[in-house]
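The lines below spell out each chain.
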Amino acid sequence: MTKNETIISNLQDTLERIKKVCATIGRNPEEIKLLLATKTVPAEYIQTAIQSGQLLIAENKVQELKEKYDHLKNIYHINHFIGHLQTNKIKDILRYDVSCIQSLDRLDLAKKLQQRLLFENKTMEVLIQVNTSNEESKFGVRPAMVTELVQEVAHLDRLKIKGLMTIGLFSAEPEKVRGCFRLLKTIQQEINALQIPNVNLKELSMGMSNDLEIAIEEGATIVRVGTAIFGKRIYPDSYYWNEHGR
Ligand SMILES: *Cc1c(COP(=O)(O)O)cnc(C)c1O
């Protein structure tokens, strides 16, 4: 098989996995969006995936978004951003047509986004990234602080809060991650119960190649899949998750 054929076949397998777990637990597979995590993947392979019908993709680093932008700009697709975002990269995020930042994790970033969006007369969808695994190394707001951040972001009218995102525990035992996903769901329910004006957390972005079934069982509406579709990456994930992005 060529690399392109492998990607198409992996995509079909992934969609099958989603359907299968949905059938087991009685969820409608159409409630779940498959997001392709495209870090380190060359644009031509991303193009293959988009053209097979998978329109939702996301990068972790603004630099990669920029490098692939020209190659992909004429093929209709939807860009989310799932990496650590520095405030000095906000202009780039807007320039390269990102429609949702899934990794909003602090108020100063939200305020600067609001300023820039006002200036450009745009709006931006956001998910609040929650550190459900309590690991120092991962980004995301601490569970106890999520409500406060949501309440503050709700006042920033250019930001549309759509839900929550988490990476969860990175464990060889997928079952260990279930508690993280459950916690995200609980936080969603608690915040929705507060009926904060302008806030209805619909999306739960959780689950990756190794644990998407568990995430769907626990209520995921977006699963973010890289390796299972594009193959193994040469960089360790710590390169993307543990240090400040550039
Ligand atoms: C890379 C990445 C994923 C996908 O991980 P895989 O294990 O390759 O499926 C999901 N979410 C984020 C934030 C990522 O950086």
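Preceding this section is the structure that the text describes.
Note that this is a predicted model, so its numbers are computed, not measured. (Residues numbered from 1 in each chain as written. Predicted model: local features only at pLDDT ≥ 70, side-chain atom pairs only at ≥ 80, totals over all residues. Heavy atoms only, no water.)

J.: How should the packing of aromatic side chains be read in this particular structure?
T.: Any two aromatic rings considered together are summarised by their centre-to-centre distance and by the angle between their planes. A complete count under the given rule lists one aromatic pair for this structure. The aromatic ring of tyrosine 45 is capped on one face by lysine 3, whose charged end is 5.5 Å from the ring centroid. (Phe/Tyr/Trp six-rings, centres within 6.5 Å; stacked < 30°, edge-to-face > 60°. Lys NZ or Arg CZ within 6 Å of the ring centre and 35° of its normal.)

J.: Explain the packing of helix H1 (residues 3-25) against helix H2 (residues 43-51) here, please?
T.: The description of two helices packed together rests on the angle between their axes and the distance between the axes. Remark: H1 packs on H2, axes separated minimally by 10 Å, with the N-to-C direction vectors making an angle of 45°. By the angle class used here, H1 and H2 are oblique. Judged by the twist between their axes, the crossing of H1 over H2 is right-handed. Residues Lys3, Asn4, Ile7, Ile8 and Leu11 of H1 pack against Glu44, Tyr45, Thr48 and Ala49 of H2. Split by residue class, the contact of H1 with H2 holds five nonpolar, two polar and two charged. (Axes fitted to C-alpha atoms, helices over the stretch in contact; angles between N-to-C directions. Helix = DSSP H or I, 4+ residues; strand = E, 2+ residues; numbered from the N terminus. Parallel < 35°, antiparallel > 145°, perpendicular 65-115°, else oblique. Left-handed = near helix turned anticlockwise from the far one by under 90°. Contact = heavy atoms within 4.5 Å. Nonpolar A, V, L, I, M, F, W, Y, C, P; charged D, E, K, R; others polar.)

J.: Could you clarify how one ought to interpret the pairing of strand E1 (residues 33-37) in this entry?
T.: On any regular strand, side chains alternate: one points to one face of the sheet, the next to the other face. Among the five residues of E1, four are classified as buried, and the element is accordingly described as predominantly covered. Two strands pair when backbone bridges link them, and E1 and strand E8 (residues 222-225) are joined in this way by four bridges, in the parallel orientation. For leucine 36, the partnering residue across the bridge sits in E8 and is valine 225. The sheet contact formed by E1 and strand E2 (residues 56-59) spans two bridges and is parallel. Bridge pairing links leucine 36 to isoleucine 57 in E2. What joins E1 to E2 is H2, and the crossover it makes is right-handed. (Buried < 20%, exposed > 50% of the residue type's maximum accessible area, 1.4 Å probe, protein only. Pairing = 2+ DSSP bridges. Right-handed = clockwise from strand over helix to strand, strands pointing away.)

J.: It is not clear to me how helix H7 (residues 178-193) should be interpreted in this structure. Could you clarify?
T.: Every α-helical turn comprises 3.6 residues, leaving residues that sit three or four positions apart pointing alike. With 16 residues, H7 ought to run about 22 Å at 1.5 Å a step, and its terminal C-alpha atoms sit 23 Å apart, in line with that. When we look at burial in H7, the residues that qualify are Arg178, Cys180, Phe181, Leu184, Ile187, Gln188 and Ile191. Among the structural elements, helix H6 (146-153), strand E6 (159-165), strand E7 (203-205) and helix H8 (212-217) are those in contact with the buried residues of H7. Downstream of H7 by a residue or two, glutamine 195 has a phi angle that is positive, lying close to 50°. (Expected span 1.5 Å × (residues − 1).)

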